[in-house]
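Residues per chain are reported as follows:
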Amino acid sequence: MSDTPHLATLAVHAGNAVDAGTGAIRRPLVMANSYALPEDPSELSWSGTGTPLYTRNGGANQGWLEEKLAALDGGTTAVALASGMAAQHAVFFAALRSGHHVVSSDTTYVGTYRLLTELLPAKYGITATLVDSSDPAAVAAAIRPETRLVHVETPANPTTRITDVAAVAEVAHAAGALLSVDATFATPVLQRPLALGADVVVHSLTKYVNGHGDAMGGAVIGGGEAGTALVEDVRREAMVNVGGVISPFNAWLIMRGSVTLPMRMRAHCAGAMAVARFLAQDPRVAYVAYPGLPSHPQHALAARTLDGGFGGMLAFAVRGDGAAQNRFVAALRLITSAVSLGHDESLIVHVSGDDERARHYPEEFRRYGHLRLSVGLEDPRDLTADLDQALATVARAAT
Ligand SMILES: *Cc1c(COP(=O)(O)O)cnc(C)c1O
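Going by an unreviewed UniProt entry, the protein carries the name Aminotransferase class I/II-fold pyridoxal phosphate-dependent enzyme and comes from Pseudonocardia xinjiangensis. UniProt, in its Cofactor (unreviewed entry) section for the protein, records the words "pyridoxal 5'-phosphate". On record in UniProt, under Sequence similarities (unreviewed entry), the comment for the protein is "Belongs to the trans-sulfuration enzymes family."

**Q** Explain the overall build of the protein to me, please; I cannot follow it from the model alone.
**A** A count of helices and strands for the protein gives 14 helices and 12 strands. A globule of 399 residues ought to have a C-alpha radius of gyration of about 21 Å, and the protein, at 21 Å, matches this closely. Every one of the 399 residues in the protein was classed for burial, and the buried ones make up 54%. Counted over contacts in the protein with a minimum sequence separation of 6, partners at least 24 positions apart contribute 73%. For the protein, the accessible area works out to roughly 16400 Å², and carbon and sulfur atoms hold 54% of it. Averaging the locations of the 30 positively and 38 negatively charged side chains of the protein gives two centres separated by 5 Å.

**Q** Explain the packing of aromatic side chains to me, please; I cannot follow it from the model alone.
**A** Between two aromatic rings, the relevant description is the distance of the centres plus the angle of the planes. Scanning the model with the defined rule gives five aromatic pairs in all. An angle of 15 degrees between the planes, with centres 6.2 Å apart, marks the rings of phenylalanine 249 and tryptophan 252 as stacked. Of this pair, phenylalanine 249 and tryptophan 252 both sit in helix 9 (residues 248-258), three residues apart, which is roughly one turn of that helix. Chaining the aromatic ring pairs together yields one cluster made of Tyr287, Tyr361, Phe365 and Tyr368.

**Q** What is the right way to read the nonpolar core from this model?
**A** It is characteristic of soluble globular proteins that their nonpolar side chains tend to be buried jointly. One finds Leu179, Leu314, Phe316 and Phe328 to be the most contacted residues of the largest nonpolar core, which totals 82 residues. Tallying contributions element by element places helix 10 (residues 261-280) first for this core, with nine residues. Looking at this core, you find at least three residues from each of domain 1 (7-258) and domain 2 (261-398). Discounting chain neighbours no more than four positions away, the residues touching phenylalanine 328 are Phe316, Val318, Ile348, Leu371, Leu387, Ala390, Leu391 and Val394. Of all hydrophobic cores here, the second largest spans 24 residues; its members include Val91, Leu115, Val202 and Val234.

**Q** What exactly am I supposed to notice about the domain arrangement of the protein here?
**A** Split into domains, the protein comes out as domain 1 (7-258) and domain 2 (261-398). Contact residues are listed per partner, giving 39 residues for domain 1 and 40 residues for domain 2. Regarding the contact of domain 1 and domain 2, the summed buried area is about 3100 Å², with carbon and sulfur atoms giving 61% of it. Sorting the residues of domain 1 by area buried against domain 2 places Ile162, Leu190 and Tyr208 first, and these three jointly supply 24% of that buried surface. Scanning the region where domain 1 abuts domain 2 turns up two salt bridges. Glutamate 356 is the salt-bridge partner of arginine 114, the closest N and O atoms lying 2.7 Å from each other. One can count 14 residue pairs in polar contact (both at pLDDT 80 or more) joining domain 1 with domain 2. Within the residue set of the side of domain 1 that touches domain 2, elements represented by two or more residues are helix 1 (7-13), helix 4 (110-124), helix 7 (187-190) and helix 9.

**Q** In this structure, what is going on with the sheet that holds strand 1 (residues 77-81)? I would like to understand it.
**A** Where strands meet in a sheet, backbone hydrogen bonds hold them as pairs that are either parallel or antiparallel. What the seven strands build is an open sheet, ordered 1-7-6-5-4-2-3; its pairing is mixed. At either end of the open sheet lies a strand with only one pairing partner, and these are strand 1 and strand 3 (127-131). Strand-to-strand twist across the sheet, computed as the mean angle between neighbouring axes with direction ignored, equals 20 degrees. Here strand 4 (residues 147-153) runs beside strand 5 (residues 178-182); their pairing, made up of five bridges, is parallel. Counterpart to glutamate 153 in the pairing with strand 5 is aspartate 182. Docked against the sheet, helix 2 (residues 60-73) engages strand 1, strand 6 (200-204) and strand 7 (218-222), running at close to 130 degrees with respect to strand 1. Where helix 6 (residues 165-174) meets the sheet, it contacts strand 4 and strand 5, and its direction lies at approximately 150 degrees from that of strand 5.

**Q** Would you mind going over the site of the ligand with me for this structure?
**A** Surveying the vicinity of the ligand reveals 15 residues, the closest of which are Gly84, Asp182, Ser204, Thr206 and Lys207. One nitrogen or oxygen atom from the side chain of serine 204 is found 2.8 Å from an oxygen atom belonging to the ligand. Within the side chain of lysine 207, an N or O atom sits 2.8 Å from an oxygen atom of the ligand. Contact with the protein chains covers 95% of the free accessible surface of the ligand, which is 380 Å². Residue composition of the shell around the ligand, by class: five nonpolar, seven polar and three charged.

**Q** Where do I start with the packing of helix 10 against helix 14 (residues 380-398) in this structure?
**A** Any two packed helices are characterised by the angle at which their axes cross and by the distance between the axes. For the pair helix 10 and helix 14, interaxial distance at closest approach is 9 Å and the crossing angle is 30 degrees. By the angle between their axes, helix 10 is roughly parallel relative to helix 14. Our pair here, helix 10 against helix 14, has a crossing hand that is right-handed. Across from Gly271, Ala274, Val275, Phe278 and Leu279 in helix 10, the residues of helix 14 making contact are Pro380, Leu383, Thr384, Leu387, Asp388 and Leu391.

Criteria and cut-off values
- Residues numbered from 1 in each chain as written.
- Predicted model: local features only at pLDDT ≥ 70, side-chain atom pairs only at ≥ 80, totals over all residues.
- Heavy atoms only, no water.
- UniProt positions renumbered as here; feature names shortened; annotations may be inferred.
- Helix = DSSP H or I, 4+ residues; strand = E, 2+ residues; numbered from the N terminus.
- Rg over C-alpha atoms; globule rule 2.2 N^0.38 Å.
- Buried < 20%, exposed > 50% of the residue type's maximum accessible area, 1.4 Å probe, protein only.
- Contact = heavy atoms within 4.5 Å.
- Areas by Shrake-Rupley, 256 points an atom, 1.4 Å probe, with all protein chains shown as cover.
- Lys, Arg positive; Asp, Glu negative; His and termini not counted.
- Charge placed at Lys NZ, Arg CZ, Asp CG, Glu CD.
- Phe/Tyr/Trp six-rings, centres within 6.5 Å; stacked < 30°, edge-to-face > 60°.
- Core = buried A, V, L, I, M, F, W, Y, C linked by side-chain atoms within 4.5 Å.
- Domains from an automatic or database assignment.
- Buried area = accessible area lost by both parts, 1.4 Å probe.
- Salt bridge = Lys/Arg side-chain N within 4 Å of Asp/Glu carboxyl O.
- Polar contact = N/O pair within 3.5 Å; in protein donor to acceptor, adjacent residues only side chain to side chain.
- Pairing = 2+ DSSP bridges.
- Axes fitted to C-alpha atoms, helices over the stretch in contact; angles between N-to-C directions.
- Near = heavy atom within 4 Å.
- Nonpolar A, V, L, I, M, F, W, Y, C, P; charged D, E, K, R; others polar.
- Parallel < 35°, antiparallel > 145°, perpendicular 65-115°, else oblique.
- Left-handed = near helix turned anticlockwise from the far one by under 90°.

Following this line, the structure appears as structure tokens:
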């Protein structure tokens, strides 16, 4: 192996090793709550994470998964938690205290939006200013003396807006704040935010990293001095004491799923590009938001900053009202109507134009609502055929 293995090699090997107990060449599934104590346990910290002790302080499968996730994102350390939201909350919980301020993307996953706009202000007195983070000047203008964290999501759920991580990292660090990046849509395959200056990266492992729609998890990966320290705070405060630990079985499943992440992302990107092009040329479609299309507002930035593709997520709407969007989804035969994303199968969800977050979305999202489509690993020709026949069904109903 070369000194710095490439991502596909890390995806196969990082975190894996021969099991000392059995000689198995795969990490075993260790379903234990407790680990044998040293001869003199009296000096152990019950909140410690260094010695195998109790699975809420860190289990074997969790540790192996964390090793792999840190390698994939080029970080120094990682902590895996029960869900993407457990991970995102943990970053806010560990980095902030009462009176602190956050500058965040105004377009984020709904749970993140809820934390920043409702729960953190009401319960902890932590305030947030939401801005269009694709404009680094808007991020800079929102900074206050008490700003401790800048948080961005790129590509953003659901509009696929792109933020320039390197530019925003400069703004954050100039203000003495940390930068966290929710990179769930990009995965470490398309972008490694730590190398661009982010202090921590957050992933919902539930999505692409696991990739098979059968396990939930989340992770925070840190790099640099401040990012490493923040991940250790997350481990101690949010995991051991608040308890959002990942189950060993889910950690094992996610580690298994992540082996194929690089090749799956290539297929997701190719499929999404084919689907986006098909939709964009169809007059029955009102709009398509996909960073790979020249019509996307940050297409040039995406082409410059994403490596090897534009992701597997897009948003669009058919011409017509909300009932037309529902008729279209009902007419799909292959694409499944369900939340979540990044699974092997394509998933679609209809969100109406008066969603609470829609005032932050582009005008066409408000006018038509949107269909968020996670393009799966099916043959793109079958996906476009399915979309085509569903568009025909809606058009027939309209005449
Ligand atoms: C799904 C998602 C989350 C939350 O992850 P869960 O595993 O569902 O808790 C956070 N951020 C983004 C961008 C997501 O898509």
